[in-house]
Amino acid sequence: MKNNYKNMIMISISTLILLISCNGISKVEEKTAKENTDLIKVDTTKIPNDKFGVSVRYGRELMLNTAYYIGPNGVNGKYLGNKMNCSNCHQEAGTKLYSLNLIASHNNYPQYRPREGRVLTLAERVNNCIMRPHSGKPIPLDSKEMVAFLSYFKWINTFAPKGQKFKGEKNLSVSFPKVAASSEKGGVLFVQHCQRCHGVNGEGYMRPDGITYLYPPLWGKYGYQPGSSMHRIIKQAQWLKSNMPQDKATWQKPILTDEEALDLAAFVNDDKIHSRPNPKSFDYPHIEEKAIDYGVGPFIDSFSESQHKFGPFQSIIDYWNKRGLKPIY
Ligand code: HEC
Ligand code: HEC
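Residues numbered from 1 in each chain as written. Chains lettered and ligands numbered in written order. Predicted model: local features only at pLDDT ≥ 70, side-chain atom pairs only at ≥ 80, totals over all residues. Heavy atoms only, no water.

Engineer: What is the right way to read the overall build of the protein chain from this model?
Structural biologist: Of regular secondary structure, the protein chain possesses 14 helices and six strands. By residue count, 48% of the 329 residues in the protein chain fall in the buried class. The long-range share in the protein chain, meaning contacts at least 24 apart out of those at least 6 apart in sequence, stands at 63%. Accessible surface, the protein chain: about 17100 Å² in total, of which carbon and sulfur atoms supply 57%. (Helix = DSSP H or I, 4+ residues; strand = E, 2+ residues; numbered from the N terminus. Buried < 20%, exposed > 50% of the residue type's maximum accessible area, 1.4 Å probe, protein only. Contact = heavy atoms within 4.5 Å. Areas by Shrake-Rupley, 256 points an atom, 1.4 Å probe, with all protein chains shown as cover.)

As structure tokens, this is what we get:
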């Protein structure tokens, strides 16, 4: 109620500005009209107590305890190739702000995906994450599990402000230093900030029951695949900034500087140092739509694979902008 009321006021204020100025809305006002500054909180006690609610609850369970239900030894199906959970990256079942938040997703699909070069449904997008970070096989679209994922996404979407972007929908951004991200410096930072949970060899820490991890692996044969977006250095750095080290960082008070986050992401994702399952490259049928931090050519520009992977990124971004192309990162 409170949110709706605020939104109404915001809409009437921007209408008023429009009426008064007549010659259009300035940049700042446009932002006020579009971005909702409330901190969205999903209240799970509001999940309806009906049959739809049963599916929503199961979807939430699947996000949190993915390996238990559909992991390699899953009680309801064996789909994943590793024992990670969706919420290892989409924290708090996709509701944590600035942590690959999924509250808006139900609204945003079907969506054109440069990666595949075609329009995907939300169900197909879920299966992408099952196949890549989880090295799994796709869940049937009509299965109870897929229906539950979609029910859950639909329900959390009711907390999204209508027609507005909200704070924490996207991860924090990082600014780019003039130098390439350094896996060497990242290695030093890893010992200092990460090793105590993720292990000396990034192997994570399995729970004593063997079902899933207390601390998930960052590389190795049970880590995410190179085809996962987490393997892209900018993408990962943006996420690390607000979320790791897990017990200290918040989006309001990151622990890592932007440069440190990039160096750490470089270390974690350096394939010369760390191995991963299924190291093949694929996708991006239209190279002018390739994410700039995707480290496998061909590219539309003449920057090297190494510069695309590790940076310096700003010169690539400038090159794309100058040619009226939209750099994705
Ligand atoms: C290793 C980290 C990781 C894990 C584990 C993971 N994801 Fe993802 N997921 C990502 C990243 C990174 C993106 C890309 C976000 C972007 O493009 O900005 C993503 C995107 C998505 C999207 C699209 C969001 C949108 O609005 O476009 C959905 C839906 C999704 N994941 C669902 C899942 C589900 C369900 C699981 C568990 C079966 C899962 N993910 C596991 C990292 C992960
Ligand atoms: C206090 C323990 C702790 C520390 C320290 C920590 N992490 Fe994590 N990390 C976690 C946990 C727990 C998760 C899973 C998040 C969840 O399930 O909510 C995670 C998830 C991740 C993920 C995504 C999932 C995966 O396995 O790929 C990455 C990447 C990551 N951490 C990197 C780092 C880096 C880099 C550092 C050092 C800056 C770090 N972490 C420090 C506990 C920790």
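So much for the structure itself; the text now carries on.
Engineer: I keep staring at the site of ligand 1 and nothing clicks. Help me out?
Structural biologist: Around ligand 1 sit 21 residues, and of these Cys86, Cys89, His90, Tyr109 and Cys129 come closest. At 2.6 Å, a side-chain N or O of Tyr109 approaches an oxygen atom of ligand 1. Element by element, the count of residues in the shell around ligand 1 is highest for helix α7 (residues 122-131), at five residues. The residue makeup of the shell around ligand 1, split by class, is 14 nonpolar, five polar and two charged. Taken domain by domain, the shell around ligand 1 gets at least three of its residues from each of domain 2 (44-166) and domain 3 (183-268). (Near = heavy atom within 4 Å. Polar contact = N/O pair within 3.5 Å; in protein donor to acceptor, adjacent residues only side chain to side chain. Nonpolar A, V, L, I, M, F, W, Y, C, P; charged D, E, K, R; others polar. Domains from an automatic or database assignment.)

Engineer: Would you take a moment to explain α7 for this structure?
Structural biologist: Along an α-helix, a turn takes 3.6 residues, which lines up residues three or four apart on a common side. Buried within α7 are the following residues: Leu122, Ala123, Val126, Asn127, Asn128 and Ile130. Among the structural elements, α4 (66-70), α6 (105-108), β3 (118-120) and α8 (144-157) are those in contact with the buried residues of α7.

Engineer: Would you mind showing me how to read the coordination of the iron atom of ligand 1 here?
Structural biologist: Tetrahedral coordination by four donors puts the ideal angle at the metal at 109.5 degrees, and octahedral coordination by six puts it at 90 or 180 degrees. Around the iron atom of ligand 1, the protein contributes the donor atoms His90 (NE2) and Cys129 (SG), at 2.0 to 2.3 Å from the metal centre. One can describe the site at the iron atom of ligand 1 as octahedral: its six donor atoms subtend angles covering 88 to 178° at the metal. Here His90 is found in the loop between α4 and α5 (91-94), whereas its partner Cys129 is found in helix α7, with 39 residues between them in sequence. Taking the relative accessible area as the measure of exposure, His90 reaches 15% and is therefore buried. Given a relative accessible area of 25%, Cys129 falls into the partly exposed group. (Donors = N, O, S within 2.8 Å, 3.2 Å for Na, K, Ca; no water. Tetrahedral: all angles 85-135°; square planar, octahedral: opposite > 155°, others 65-115°.)

Engineer: Looking at this structure, how should I read the nonpolar core?
Structural biologist: Here is a general trend for soluble globular proteins: nonpolar side chains tend to be buried in one another's company. In this structure, Met63, Ile70, Phe149, Phe153 and Ile156 are the most contacted members of the largest nonpolar core, which totals 34 residues. If you list the elements that add at least two residues to this core, you get α3 (51-64), α4, α7 and α8. For this core, the element with the highest residue contribution is α8, accounting for seven residues. Excluding anything up to four places from it in sequence, Phe149 contacts Gly59, Leu62, Met63, Ile70, Cys86, Val126 and Ile139. Grouped together as the second largest cluster of nonpolar side chains are 31 residues, Ala181, Tyr224, Ile233 and Phe310 included. (Core = buried A, V, L, I, M, F, W, Y, C linked by side-chain atoms within 4.5 Å.)

Engineer: Would you mind showing me how to read the coordination of the iron atom of ligand 2 here?
Structural biologist: Of the protein atoms, only His198 (NE2) and Met244 (SD) coordinate the iron atom of ligand 2, at distances of 2.0 to 2.3 Å. For the iron atom of ligand 2, the six donor atoms in the first shell make angles of 85 to 179° at the metal, so the coordination geometry reads as octahedral. Within this pair, whereas His198 is found in helix α10 (residues 195-198), its partner Met244 is found in the loop between α11 (233-243) and α12 (258-268), the two being separated by 46 residues in sequence. The exposure classification of His198 matches that of Met244, with both residues buried.

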